[in-house]
Amino acid sequence: MSCLSWNCRGLASPRALRFLRDLARRKNPSFIFLCETMINEDRIVALRNAMGFENSFVVDSVRKKGGLAFLWKSCFDVTVLGWSNHYVDLCINSDQSWRLTGFYGCPERSRRRESWDFLQNLSLASSLPWCVLGDFNDILAFEEKKGGVAQPNWLVNGFRDTVSNCGLVDIGAAGYKYTWSRGRGDGRRVEERLDRVLCSNEWMAMFPEARVNNLEQSTSDHLPIFLAIIQDASDRSKRVFRFNNSWLIKKDCAEVVNSAWSAGGNRELSEKLIMTRDSLKSWSGDKGPQFKSRLDRLRRNLSLLQNRSDSGGSRQYVEAAKEYNAVLGEEEVHWKQRAKCFWLSEGDSNTRFFHNFANSRRRTNSIDKLRDEDGVWKSSKHEVEGIISRYFENLFSDSSSSPIVLDVVVPCVSNDDNEGLLCAILG
């Protein structure tokens, strides 16, 4: 599943139409969002049919200005939730439904706050996992503009605050950093990153492998952006066990560890560690902490107990509130660990910050492609794993060690100490 977004700056010219048809053929997107089409619905439908798409929603241009279009394949069950001259909001219906919104920000600086209001109102319209993409006509950081006059503080901070208030994060993008340019070749070139993909944490949890690429060429002054949405559990690596610091808050965690360790008796250290790991996995559950469902359940319970005035109801309310606060504490510690933000003290409650930081680390640490021994870029999971494996096999093979280097290494461990270190560890 994938989505292509492009501010085409008009589809009336044969050149733009050829480019879009070729792009759709090469990328084969499931969805296409177009801004500033500058043509009417009849011509969009004709283009849609020519590219092999069965469904579309069109916002006509006004006096040959603006205009939006969303195209999608028939294999998707889509509901149009809302639209205006600046957005088309879709619901992708499935076992786990989610929102996909194509957005076009007001190009006039004087109307930028209007764009921000559109985005904030959209964020309140539904609690579904949400992805927003398009031409926002705004930048999130001063580094996203090159050349020309520096972007005013109020514009950068206003857009950044709006994105944060909507509970959205920028996925980032591979490829050329800037998506819009003006003045090519006249020495006064200005470039900005105006086109992007934003998503909620819930959407990122659904599609953790989602990636964005700024494509390399365009007939418009905007580059197309391509969102690849991958949801294939068979292609994901087996989950590695990691100790969760939030378990330390629970009283019975220490009992589980002590019981498993004692049951190991005089076994090898590695065996006792495996037994302890398995006990912790069984105790905690393989499905993870599931903070959202637990907090939702507790909120519903608190709502039901709130109207009870009897002593039993009051006692249950106090206990439920105590459990609710405890789960909030667990969630904060969990995301602080994931974000590696140990420099913040306990009690700095900003779970959204930790969550966004952790997602950012995961995207930064991922390896999408590597260059092999022949200098050819490889991007498939199998090929990347092979390059890494061969590199370290060659690095640590006997043939790579140098006797000249080893001869000058002064031994620091005596033979007696070495024998002691090699002795079996008894429980």
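Placed above this text is the structure.
Going along each chain's sequence as written, the residues are numbered from 1 onward. At least 70 in pLDDT is required for a residue's local features to be given in this predicted model, at least 80 for side-chain atom pairs to be given and counted, and no such filter applies to totals for whole chains, interfaces and linings, which use all residues. Side-chain figures throughout are based on the complete set of non-hydrogen atoms in the structure, without hydrogens or water.

**Some points on the pattern of salt bridges**
By salt bridge we mean one thing: a side-chain nitrogen of Lys or Arg within 4 Å of a carboxyl oxygen of Asp or Glu. Inspection of every chain in the model, using the stated rule, returns 17 salt bridges. As a salt-bridge pair, Glu36 and Arg9 come within 3.3 Å of each other at their nearest N and O atoms. With a gap of 27 residues between them, Glu36 in the loop between β2 (31-35) and α2 (41-50) and Arg9 in the loop between β1 (2-7) and α1 (14-27) connect regions that are remote in the sequence. One salt bridge connects Glu144 with Arg193, and the closest N-O pair in it is separated by 3.1 Å. Of this pair, Glu144 sits in the loop between β8 (130-135) and β9 (145-146) while Arg193 sits in the loop between β13 (190-192) and β14 (195-200), placing them 49 residues apart in sequence. Across the pair, exposure class does not vary: Glu144 and Arg193 are buried alike. Via salt bridges that share partners, Glu144, Asp170, Arg193 and Arg196 belong to a single interconnected network. The numbering of helices and of strands both runs from the N terminus, where a helix is a DSSP run of H or I of at least 4 residues and a strand a run of E of at least 2. Exposure categories follow from relative accessible area, calculated using a 1.4 Å probe and restricted to protein chains: below 20% of the type maximum is buried, above 50% is exposed, and the middle band is partly exposed.

**A few points about a nonpolar patch on the surface**
Nonpolar side chains (Val, Leu, Ile, Met, Phe, Trp, Tyr) are joined into patches within 5 Å and like charges within 9 Å, using only residues with over 30% relative accessible area and no salt bridge. Here the Shrake-Rupley method, with its probe set to 1.4 Å, supplies the accessible areas, and only the displayed protein chains count as covering residues. Residues Ile367, Ile388, Tyr391, Phe392, Leu395 and Phe396 make up a contiguous nonpolar surface patch of roughly 620 Å² in combined accessible area. Relative to the helices and strands, Phe396 is located in the loop between α11 (381-395) and α12 (403-407). In this structure Phe396 comes out as exposed when scored by relative accessible area, which is 63%.

**Quick notes on α2**
Looking only at α2, the buried set comprises Ile44, Leu47 and Arg48. Viewed end-on, α2 has its buried residues packed into an arc of 105 degrees, placing them on one side of the element. Projecting away from the buried face of α2 at angles above 90 degrees are the exposed residues Asp42 and Ala50. Here the buried face of α2 lies against α1, β3 (55-59) and β4 (68-72). What qualifies as a polar contact is a pair of N or O atoms within 3.5 Å, subject to a donor-acceptor requirement within protein and to the restriction that residues adjacent in sequence count only when both atoms come from side chains. With a side-chain oxygen positioned 3.3 Å from the backbone nitrogen of Asp42, the residue opening α2 is Asn40. Two residues or fewer after α2 comes Gly52, characterised by a positive phi angle close to 85 degrees. Of all possible arcs, the one meant is that of the directions from the helix axis to the C-beta atoms. We call two residues in contact when some of their heavy atoms are within 4.5 Å.

**Quick notes on the state of the cysteines**
Sulfur atoms of two cysteines make up a disulfide when they are within 2.5 Å. Within the structure shown, the criterion is met by 0 disulfides. Between Cys8, a cysteine without a disulfide, and Cys35, which holds the nearest cysteine sulfur, the sulfur-to-sulfur distance is 7.6 Å.

**Some words on the sheet that holds strand β10 (residues 168-170)**
Taken in spatial order, the 6 strands of this open sheet run β5-β6-β7-β8-β14-β10, and their pairing is mixed. With one partner strand each, in any of the chains shown, β5 (77-83) and β10 form the two edges of the open sheet. Across the sheet, the axes of successive neighbouring strands diverge by a mean angle of 25 degrees, strand direction being ignored. We call two strands paired when DSSP finds no fewer than two bridges between them. Examined bridge by bridge, strand β7 (residues 98-104) and β8 share 6 bridges and lie parallel to one another. If you follow Arg99 over to β8, its bridge partner there is Trp130. Axis geometry follows a simple rule: fit a line to the C-alpha atoms, using only the stretch in contact for helices, then measure angles between N-to-C directions, giving values from 0 to 180 degrees. The strands that helix α3 (residues 112-125) touches are β6 (87-93), β7 and β8; relative to β7, the one it contacts most, it runs at about 170 degrees.

**Some remarks on the packing of α3 against helix α4 (residues 153-165)**
One can describe the packing of α3 onto α4 by two numbers: an axis separation of 9 Å at closest approach and a directional angle of 10 degrees. Classified by the angle between their axes, α3 and α4 sit roughly parallel to one another. Of the residues in α4, those touching α3 at Arg112, Arg113, Trp116, Leu119 and Gln120 are Trp154, Leu155, Gly158, Phe159, Thr162 and Asn165. The classification used treats Ala, Val, Leu, Ile, Met, Phe, Trp, Tyr, Cys and Pro as nonpolar, Asp, Glu, Lys and Arg as charged, and all other residues, Gly among them, as polar. For the contact of α3 with α4, the per-class residue count stands at 5 nonpolar, 4 polar and 2 charged. Relative orientations are named as follows: roughly parallel for angles under 35 degrees, roughly antiparallel for angles over 145 degrees, roughly perpendicular for angles from 65 to 115 degrees, and oblique for any other angle.

**Thoughts on the environment of Asn40**
Within the secondary structure layout, Asn40 lies in the loop between β2 and α2. On the basis of relative accessible area, Asn40 is assigned to the partly exposed category, the value being 38%. Each C-alpha atom of the pair Asn40 and Val58 lies 8.2 Å from the other, and the pair is 18 residues apart in sequence. Among the polar contacts made by the side chain of Asn40, one reaches the main-chain amide nitrogen of Asp42 at a distance of 3.3 Å.

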